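One letter stands for each residue in the lines below.
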Amino acid sequence: MAEKKATTAKKATEKKATAVKATETKAPAAKKTTAKKATAVKAAFTVNAENIGFKAGDVYQALAAAENALDVKAIAKAAKISEEETLLGLGWLFKEGKLVSTEEGKIALA
C-alpha cells in the first residue's frame with residue numbers, strides 16, 4: 001500500500017512538473033509600455049492693454065536696434081518673446097501708425 005501512495009504521489013509531482021514546463025516554454029506576453037510625451041508648457045500670458053503695450057515696446061526696441069526691416073520670426077527672436085506676443089505688439093504699433101510693411105513681407109519703423 002505504501003508503494004501505491006508513493007507511485008500516486010510521484011505521478012502527481014510529474015503532472016505538476018509538466019504543467020510548470022509547459023508554462024515556462026510559452027513566451028511571456030510582452031508588456032506594452034507607452035512613453036510619456038513631453039509637452040511644452042507655455043508661460044501664461046494675460047491679454048490686457050498693459051501687457052500688450054509692453055510687448056509693443058519690446059517689438060519697437062527690437063526694430064530700432066536692427067535699423068532695418070525684419071520679418072515676424074526675426075522680430076520675435078530679437079525681442080525674446082513668442083511670435084503670438086510679437087503679433088499683438090505689431091498690431092498695437094500698426095494702429096498707432098509707427099510701422100510700415102514692405103513688399104517682401106517685412107516690417108520696418110515708419
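Everything that follows concerns the structure shown earlier in this document.
Rules behind the numbers
- Residues numbered from 1 in each chain as written.
- Predicted model: local features only at pLDDT ≥ 70, side-chain atom pairs only at ≥ 80, totals over all residues.
- Heavy atoms only, no water.
- Core = buried A, V, L, I, M, F, W, Y, C linked by side-chain atoms within 4.5 Å.
- Buried < 20%, exposed > 50% of the residue type's maximum accessible area, 1.4 Å probe, protein only.
- Helix = DSSP H or I, 4+ residues; strand = E, 2+ residues; numbered from the N terminus.
- Contact = heavy atoms within 4.5 Å.
- Polar contact = N/O pair within 3.5 Å; in protein donor to acceptor, adjacent residues only side chain to side chain.
- Arc of directions from axis to C-beta.

Caption draft 1: Fine view of the nonpolar core. Ala56, Val59, Ala62, Leu63, Leu70, Ile75, Ala79, Ile81, Leu90, Leu93, Leu99 and Ile107 together form the largest nonpolar core, which totals 12 residues. Put simply, the parts of the chain that give this core at least two residues each are helix H2 (49-66), helix H3 (72-79) and helix H4 (83-96). Per-element tally for this core: the top contributor is H2, with 4 residues. Discounting residues that sit within four places of it in the chain, valine 59 has contacts with Ile75, Ile81, Thr86, Gly89, Leu90 and Leu93.

Caption draft 2: Inspection of the side chain of threonine 86 at higher detail. With respect to the helices and strands, the residue threonine 86 is situated in helix H4. Judged by its relative accessible area of 0%, threonine 86 falls in the buried class. Separated by 2.8 Å, the side chain of threonine 86 and the backbone oxygen of serine 82 make a polar contact. Ignoring anything within four residues of it in the chain, the contact list for threonine 86 reads Val59, Val72, Ile75, Ala76 and Ile81.

Caption draft 3: Focus on H3. Listed in full, the buried residues belonging to H3 are Ile75, Ala76 and Ala79. Down the axis of H3, the buried side of the element spans an arc of 100 degrees, and every buried residue falls inside it. Set apart from the buried face of H3 by more than 90 degrees, the exposed residues are Lys73 and Lys77. Buried residues along H3 sit against H2, H4 and strand E2 (107-109). Two residues or fewer past H3, lysine 80 is found with a positive phi of approximately 60 degrees.

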